Amino acid sequence: MLTPRFELSQTEDNLKIIIHAPYANIKDTVVHVDGTDFRFYSTPYYLSRLNLPGEIEENDASTGDYICEKGDFTMTFSKVCKGEHFENLDMITTLLAPIKKKTNFVPTIEVISNPCIFDDDLSENEFNTENIDNDDSETANEWSTPQNPITLASEVSLDSPKYGFGNKISGALNAFEDSWIREIIDLPLPDKTLPENRQKLREKHELESFNEEYYMADLMEPECVESYLSYKCDLEKGTEGEVKFDDTEKDILKELPNKEYLLNENEIKTVLYSMIDILFASCYNYRITLGENNVESGWTISKLSATLSWFQNFTNLHDVILSSIRRSLCYPQVRNWNLSMKIFQDVRDIVKLGKKYIIKRFCEIHSIFNNSYEPRYVLNQLYIKDYLIWLQQLPDSKIKEVDLWLENIDIKKEELGLDLVELEEAAYSVQEENLVIENEIKIVYNLPDDLQKLVISSNANKQQTGHPKLITYSDSDSESDSLSFSSSSSSSSSSDSTWAVSENDNDEITDMSNKTSNDILDSDDDPN
């Protein structure tokens, strides 16, 4: 049987349920409504039970129809309490969870026997038979059959390093080869490396991976980063109330199992810190691909997240952001401080939109890992699927609390330990020196062309006036690197700073223009 895709919406008095079942057998359709319990059946679809957050009823105002073109059943039911608001109608996995039955359990203690005081005359079979309330002797013999404990080939010790969602898993990667594991994570020997050593190894690896020349190259080419900085993400276009799950996301959520998570307050904080770490990696991928995922998206997300690549357990949010920004400057294709800070702002915007948008991002990560060429589906099993289930159960107040935490985070370049300030000062200093050299070279190489234009202008003036042209050379502008020229029709004799050029002198000036620029600049003699 298939679980159909469904969608719920509400007004003050009614609840609307849309079920997408394009291949349903309409004549076999059965709909059951009983308070908070809603069930739907139509071969081959079976929606076993929806646990609604409020009671509904089927009455004369209830309606239902089926649109063949879309394959959608649309049903409307009345709320028992008019005006009641049903919470979390978008949390599909939570709606599919079975009803918890409340039972009054009274613990009782009954002493059956003490195996340490067996008498020699009392056999074990006699003891077992006396304590089995069953008239069938064959069943009694089954109970008395000796049980041999199964010996595991490799048992997991209670002291084994933990990882995964809530830090609750150990020994899950023992069966895989190291070369296979290295394709998806950076942590060496995950089932043997203790959690307290992971941070030291990770930070050492980041410092070794940081490339100063790569960072300065991206710093000196801001036009290569401008398109990523100016890209307008969809999270900047909407509000919390406008967030909707698409069909792909609904399909992922309805297939998730129902789980309960027993986490204490510290474990909840650790899970929330890792959530921010994964979101930062997702935001980087989203902005660097301009919203269009590619074959490198899986690598980018898993590499930039210390939670996914090093199974890191964070103890405060400041370290989370510090790690995320440092990794964004060490590993991906574009390594730019302004880009990292822009992505940090993206994370803040996502959290402000609420848990529904966070779930959308984790659905995207789930799809990317499942479709990855490398075996990154393992990361879905260790982290992403549990996040998708747990986030639907998480109170909205926790997300608002994280939002307040993020507002108080301010990261400085000096905190990264990568000497970014010194590198940027050196890069800008070299840039200024190169600009000065380029300007000087430009002046020197442009001088012959300027003199050639001067000769042409002189000939043209001679033809028009019939008089030699007086050209004035001025070196009084000490603040400028260029030469200035002025002309006059006067035939007066030349002084120290001027000279008259007659028609016979044209050849001499032409020869001068062919000299090297250095010869002209070094010459202080009077041209005449």
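Residues numbered from 1 in each chain as written. Predicted model: local features only at pLDDT ≥ 70, side-chain atom pairs only at ≥ 80, totals over all residues. Heavy atoms only, no water.

Describing helix 10 (residues 297-304)
Okay, step 1: In terms of burial, helix 10 is a largely internal element, seven of the eight residues being buried.
Okay, step 2: Residues of helix 10 that are buried include every one of Ser297, Gly298, Thr300, Ile301, Ser302, Lys303 and Leu304, and no others.
Okay, step 3: On its buried face, helix 10 sits against helix 9 (265-288), helix 11 (306-310), helix 12 (317-328), helix 14 (355-370) and helix 15 (377-393). (Buried < 20%, exposed > 50% of the residue type's maximum accessible area, 1.4 Å probe, protein only. Helix = DSSP H or I, 4+ residues; strand = E, 2+ residues; numbered from the N terminus. Contact = heavy atoms within 4.5 Å.)

Describing the pattern of salt bridges
Okay, step 1: Taken as a whole and judged by the stated rule, the model has 24 salt bridges.
Okay, step 2: Across the pair Asp247 and Arg5 runs a salt bridge whose closest N-O atoms are separated by 3.5 Å. Residue Asp247 is located in helix 8 (residues 247-254), and its partner Arg5 is located in strand 1 (residues 5-10); the two are separated by 242 residues in the primary sequence.
Okay, step 3: When its relative accessible area of 42% is taken as the criterion, Asp247 is described as partly exposed.
Okay, step 4: Bridged by salt links that share partners, the residues Asp186, Arg202, Glu206, Lys303, Arg326 and Arg327 form one connected network. (Salt bridge = Lys/Arg side-chain N within 4 Å of Asp/Glu carboxyl O.)

Notes on unusual backbone geometry
Okay, step 1: Of the consecutive residues Thr43 and Pro44, the connecting peptide bond is found in the cis state with omega at 0°.
Okay, step 2: Along the chain, the position of Pro44 falls in the loop between strand 3 (30-42) and strand 4 (45-57).
Okay, step 3: A positive phi angle, close to 55°, is found at Asn167, a residue other than glycine.
Okay, step 4: By the secondary structure assignment, Asn167 is in the loop between helix 3 (137-143) and helix 4 (178-181).
Okay, step 5: Of note in this structure, Asp419 is not a glycine but carries a positive phi near 55°.

Section: the pairing of strand 2 (residues 14-20)
Okay, step 1: Only one face of strand 2 is buried: it carries Leu15, Ile17 and Ile19, and the other face, with Asn14, Lys16, Ile18 and His20, is open.
Okay, step 2: Across six bridges, the pairing between strand 1 and strand 2 is antiparallel. What sits directly across from Gln10, in strand 2, is Leu15.
Okay, step 3: A loop of three residues connects strand 1 with strand 2, the two strands running antiparallel in sequence. (Pairing = 2+ DSSP bridges.)

With respect to the confidence of the model for the protein chain
Okay, step 1: Scored by pLDDT, the protein chain comes out at a mean of 77, with 69% of its residues at no less than 70.
Okay, step 2: A low-confidence stretch, residues 468-506 (pLDDT under 50), is modelled with 53 contacts involving residues beyond four sequence positions or located in other chains.
Okay, step 3: Segment residues 523-528: pLDDT under 50, and seven contacts once partners within four positions in sequence are set aside and those in other chains are kept. (pLDDT = per-residue confidence, 0-100.)

Concerning helix 8
Okay, step 1: Among the residues of helix 8, Glu249, Lys250, Ile252, Leu253 and Lys254 are the ones counted as buried.
Okay, step 2: Tucked inside the fold, the buried residues of helix 8 contact strand 1, helix 1 (92-95), helix 14 and helix 15.
Okay, step 3: Between a side-chain oxygen at the N-terminus of helix 8 and the backbone nitrogen of Thr248 the separation is 3.2 Å; the capping residue is Asp246. (Polar contact = N/O pair within 3.5 Å; in protein donor to acceptor, adjacent residues only side chain to side chain.)

With respect to the packing of aromatic side chains
Here a ring pair, both rings aromatic, is described through the centre-centre distance and the interplanar angle of the planes.
Okay, step 1: This structure, assessed with the given rule, holds 15 aromatic pairs.
Okay, step 2: Seen from their ring centres, Tyr231 and Tyr286 are 6.5 Å apart, and the 50° between their planes marks the pair as tilted. Placement of Tyr231 in the loop between helix 7 (223-230) and helix 8 and of Tyr286 in helix 9 is noted, with a sequence separation of 55 residues between them.
Okay, step 3: Accessibility expressed as a relative area gives 9% for Tyr286, which makes it buried.
Okay, step 4: Grouped by ring-pair contacts, the aromatic residues Phe165, Tyr261, Phe362, Tyr387 and Trp390 constitute a single cluster.
Okay, step 5: Here Lys79 stacks its cationic end above the ring of Phe86, 4.6 Å away from the centre of that ring.
Okay, step 6: Over the ring of Tyr214 we find Arg335, and its NZ or CZ is 3.8 Å from the ring centre. (Phe/Tyr/Trp six-rings, centres within 6.5 Å; stacked < 30°, edge-to-face > 60°. Lys NZ or Arg CZ within 6 Å of the ring centre and 35° of its normal.)

Describing the nonpolar core
Within soluble globular proteins, side chains that are nonpolar tend to cluster in buried spots.
Okay, step 1: In this structure, Phe38, Met275, Ile276, Phe362 and Trp390 are the most contacted members of the largest nonpolar core, which totals 107 residues.
Okay, step 2: The biggest single contributor to this core is helix 9, with 13 residues.
Okay, step 3: Those residues in contact with Phe362 that sit more than four places away from it in its chain are Met275, Ile278, Leu279, Ile384, Tyr387, Leu388 and Leu391. (Core = buried A, V, L, I, M, F, W, Y, C linked by side-chain atoms within 4.5 Å.)

Describing empty space enclosed by the protein
Okay, step 1: Scanning all chains against the criterion turns up two cavities of 30 Å³ or more.
Okay, step 2: The space that makes up the largest cavity amounts to roughly 60 Å³.
Okay, step 3: Put simply, the parts of the chain that give the lining of the largest cavity at least two residues each are helix 9 and helix 15.
Okay, step 4: Take the lining of the largest cavity: its biggest share by element is three residues, from helix 9. (1 Å grid on protein atoms, 1.4 Å probe; cavity = no way out; pocket = protein on both sides within 12 Å on 5 of 7 lines; lining within 4 Å. Points joined across faces, edges and corners; volume = space filled by probe spheres on them.)

Considerations on a negative patch on the surface
Okay, step 1: Negative charge collects at one region of the surface, where Glu212, Glu213, Glu414, Glu415, Asp419, Glu422 and Glu425 lie side by side.
Okay, step 2: Every element with two or more residues in the negative patch is listed here: helix 6 (212-219) and helix 17 (420-465).
Okay, step 3: Its location among the elements puts Glu414 in the loop between helix 16 (396-407) and helix 17. (Patch = residues over 30% accessible without salt bridge, like charges linked within 9 Å, V, L, I, M, F, W, Y side chains within 5 Å. Areas by Shrake-Rupley, 256 points an atom, 1.4 Å probe, with all protein chains shown as cover. Lys, Arg positive; Asp, Glu negative; His and termini not counted. Charge placed at Lys NZ, Arg CZ, Asp CG, Glu CD.)

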